[in-house]
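# Secondary and tertiary structure notes
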Amino acid sequence: MTMTRRDFTRLGLGAAAVAATGLGLAPRPAEAAGTVEEAIAAFTGGAETTEGGIDLGAPEIAENGNTVPIEVAAEGAAAIMLLASGNPSPGVATFRFGKLAAASAASTRIRLAQTQDIVAVAEMKDGSFRKVSRTVKVTIGGCGG
Amino acid sequence: MIARRDFLQAALAATALTGGGLTRLAAAQGLTEAGLVDMAPLGNVTLIHVTDIHAQLVPVWFREPSINLGVGAAAGKPPHVTGAEFLELYGIAPGSPEAHALTSEGFAALAREYGRMGGLDRVATVISRIRAERPEAILLDGGDTWQGSLTALRTGGQDMVDAMNLLAPEAMTSHWEFTLGIDRVTEIVDDLPFPFLGANIYDAEWDEPAYEPYTMLERGGAKIAVIGQAFPYLPIANPRWMFPGLSFGVREERIAELVAEVRDEGAQAVVLLSHNGFDVDRKLASRVEGIDVILTGHTHDALPAPVMVGRTALIASGSHGKFVSRVDLDVDASGVKGIAHRLIPVFSDVIAPDPEMAALIGMVRAPHADELAEVLGSTESTLYRRGNFNGTWDDLICNALIEQRDAEIALSPGFRWGASLIPGADITREDVFNATAMSYPAAYRTEMTGEMLHTVLEDVADNLFNPDPYYQQGGDMVRVGGMGYRIDIAKPQGSRITGMTLLATGEAIDPARRYSVAGWASVNEDTEGPPIWEVVEAHVRARGTVRIEPNRSVQVAGGG
């Protein structure tokens, strides 16, 4: 009933498959650029992006802004770039999925300086691009209940 | 379909008796146990819901809020309807027992007529009466059960665990339970004779489910799945260091997966036993298909009829033992065919105490009897907590903090738990603990700049008034003593709070100046200071008789 461990393992295998292809072992920093717009432009080469089509998992409110769990998945994606739009340096990672990757999915934990939108951009195998964003609130806390 | 008719009949019957301002005895005589509890049965499955009892073993007064604003899609919809508008919406006569139970209208006067409400021995009687008619009824506890009184604090929640075990629920979920600390929770849960459900509680390191997500029950020839959802923002609203290995969150996708899973296992009815808070559940119901009933909690709302979101019925059963909800379902192989509901107000002068539960309550309170009963002073004002921006209990607490801790400004968290007192009542130590008893009570004194104070107010306001319920935490606004402000709840975070003023001088708060600030219930570990109940006790003893002047220090805009 509790599938998460298996999902986790599967993600691990997926990552191993990525490694095996030699296309990208570790997450690479997102395109080194100043702004979110510039990073997206560098990733897409200026191509149009369509909204949606990426599962972006993130808490609505971060329990600890220093380590916020983020999951991205887009079936048929060759690569997914993750950006934290409100961080001093928005680039988080670009995940590239090789031919042997079982799923185009990845998870990581990131530090968020403040409430902001997390942006994921996927490059699909057909050359098209997709984009989604999700707000993660970073709060002082207390006073609830 | 809904048992609205039953409710209205009871309300009308009671109205006929109370129109002339009858004495308390007469008012009570007009009500009967059967009249309060019984309803026309429906179908083959009965749910009984209690939630947010906050360790109230004995009857209390509890004033519902007069201000409970909703934002976004929830604006103006129940439970964000109060007072006369609430009575109008549900067709309840002013002055009737239901009017007293469900609104703050004429609270103090009606409290004298109708007496206190709740008491777990009366709740036990209500449950026994329902079970006598429906032996397979499913009792569910929505959590916030083990915290909120002196005896719960002194016994690490054991008094409530023993009392609830006697009631024998089928499952519970949680929030304040975790403020007993993870070791104590684990100790209790290991021995609990029913599941402690929390589909959204995960091991923070491994991202794996940490508690059972659901229980499957067979009743009346039907399979019923009960999924439990703990308060999503425990590590944010309460001290994370008390349960460091756990992660929570709304986890909407998880709930959707579980609904599909239990349907695959043959569930003909799916119930979510939730501590999300009403607006979070309303959004969840609009986005996750296949939940028949959400038993809501956390936000302490009491609604006399279900709120329907698509095919999902949202039930709001109040708090502090004041109400018990009965939900009858007509379930067959194809699912839920019909629903009937009654919100049962537990008038303690009308519903007889269950002898076995009364004996248990007497036993757990006996070692603390002298401490509980000690009179510290009295009040000329109604003391209550609920309301979005202030309540007289917190005004009293803020006054105590300013005087006893020599501060310019006081902060008291926007908790929704805490019983009320009526004018002329003694203030006993039990009463003070009913408004303060919790496990991180240190009354700190610190310095904050005006800018920091603004940031804190903006942060808390967004937890209450973010238009997306998934970003709300379900508490009320932090209460402020010594400082006034203006709030526009319709504005975005960062621009809601303006006009911050130091009340002592009438001067605008200077963003750069440092102010002495006293408060309590900090979520930070190693917060120093005396427990808040000692601060309040010293203040009440010094005053003898407490009087709370009307609080006009918060000006509200954007609420209508």
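Residues numbered from 1 in each chain as written. Chains lettered and ligands numbered in written order. Predicted model: local features only at pLDDT ≥ 70, side-chain atom pairs only at ≥ 80, totals over all residues. Heavy atoms only, no water.

A tally of regular secondary structure across chain A gives two helices and eight strands. When the 145 residues of chain A are sorted by exposure, 42% land in the buried category. Restricting the contact set of chain A to residue pairs at least 6 apart, pairs at least 24 apart contribute 66%. Of the roughly 7200 Å² that chain A leaves accessible, carbon and sulfur atoms contribute 53%. (Helix = DSSP H or I, 4+ residues; strand = E, 2+ residues; numbered from the N terminus. Buried < 20%, exposed > 50% of the residue type's maximum accessible area, 1.4 Å probe, protein only. Contact = heavy atoms within 4.5 Å. Areas by Shrake-Rupley, 256 points an atom, 1.4 Å probe, with all protein chains shown as cover.)

Further remarks concern the pattern of salt bridges. When the charged atoms of two side chains lie near each other, side chains of opposite charge can form a pair. Residue and element names in this part refer to chain B. By the definition in use, this model includes 35 salt bridges over all chains. Here Glu 33 makes a salt bridge to Arg 129, at a shortest N to O gap of 3.5 Å. Pair noted here: Glu 33 is in helix α3 (residues 33-37) and Arg 129 is in helix α7 (residues 120-133), with a separation of 96 residues, a long-range link. Two residues, Glu 380 and Arg 547, come together in a salt bridge whose shortest N-O distance is 3.0 Å. (Salt bridge = Lys/Arg side-chain N within 4 Å of Asp/Glu carboxyl O.)

Attention shifts here to the UniProt feature "domain: 5'-Nucleotidase C-terminal" (unreviewed entry) in chain B. The feature "domain: 5'-Nucleotidase C-terminal" (unreviewed entry), as annotated in UniProt, sits at residues 392-521 of chain B in this numbering. Within the segment residues 392-521 of chain B, helix and strand shares are 28% and 28% respectively, and the terminal C-alpha atoms sit 18 Å apart. (UniProt positions renumbered as here; feature names shortened; annotations may be inferred.)

What follows is about helix α10 (residues 182-191) of chain B. Residues and elements named next belong to chain B. Every buried residue of α10 is accounted for by Arg 184, Val 185 and Ile 188. Each buried residue of α10 lies within a common arc of 100 degrees when the element is viewed along its axis, so the set occupies one face. Across from the buried face of α10, at angles greater than 90 degrees, the exposed residues are Asp 183 and Asp 190. (Arc of directions from axis to C-beta.)

Listed per partner, the contact involves 22 residues of chain A and 45 residues of chain B. With both chains or domains summed, chain A and chain B bury close to 2700 Å², and 52% of this area falls on carbon and sulfur atoms. Residue A:Lys137 is joined to B:Asp462 by a salt bridge in which the shortest nitrogen-to-oxygen separation is 2.8 Å. If you look at where chain A meets chain B, you find nine residue pairs in polar contact (both at pLDDT 80 or more). Residue assignment for the side of chain A that touches chain B shows that the elements contributing at least two residues are α1 (4-21) and β8 (129-136) of chain A. (Buried area = accessible area lost by both parts, 1.4 Å probe. Polar contact = N/O pair within 3.5 Å; in protein donor to acceptor, adjacent residues only side chain to side chain.)

The subject of this paragraph is the sheet that holds strand β3 (residues 68-73) of chain A. Paired through backbone hydrogen bonds, the strands of a sheet run either parallel or antiparallel to each other. Residues and elements named next belong to chain A. Spatial ordering of the open sheet is given by β2-β3-β6, a layout of three strands whose pairing is antiparallel. The open sheet terminates on both sides in strands that have one partner only, identified here as β2 (55-57) and β6 (105-110). Between one strand axis and the next, the sheet turns through 15 degrees on average, direction left out of account. Of the strand pairs in this sheet, β2 and β3 are connected by three bridges, and their pairing is antiparallel. Note on β3: the bridge partner recorded for Asp 55 is Ala 73. (Pairing = 2+ DSSP bridges. Axes fitted to C-alpha atoms, helices over the stretch in contact; angles between N-to-C directions.)

Right, let's talk about the side chain of B:Arg219 for a bit. All names here are of chain B. Within the secondary structure layout, Arg 219 lies in strand β6 (residues 214-219). Within the structure, the side chain of Arg 219 is placed 3.1 Å from the backbone oxygen of Glu 136, a separation counted as a polar contact. In this structure, Arg 219 is in contact with Asn 44, Val 45, Glu 136, Ala 137, Ile 138 and Glu 170, ignoring residues within four places of it in sequence.

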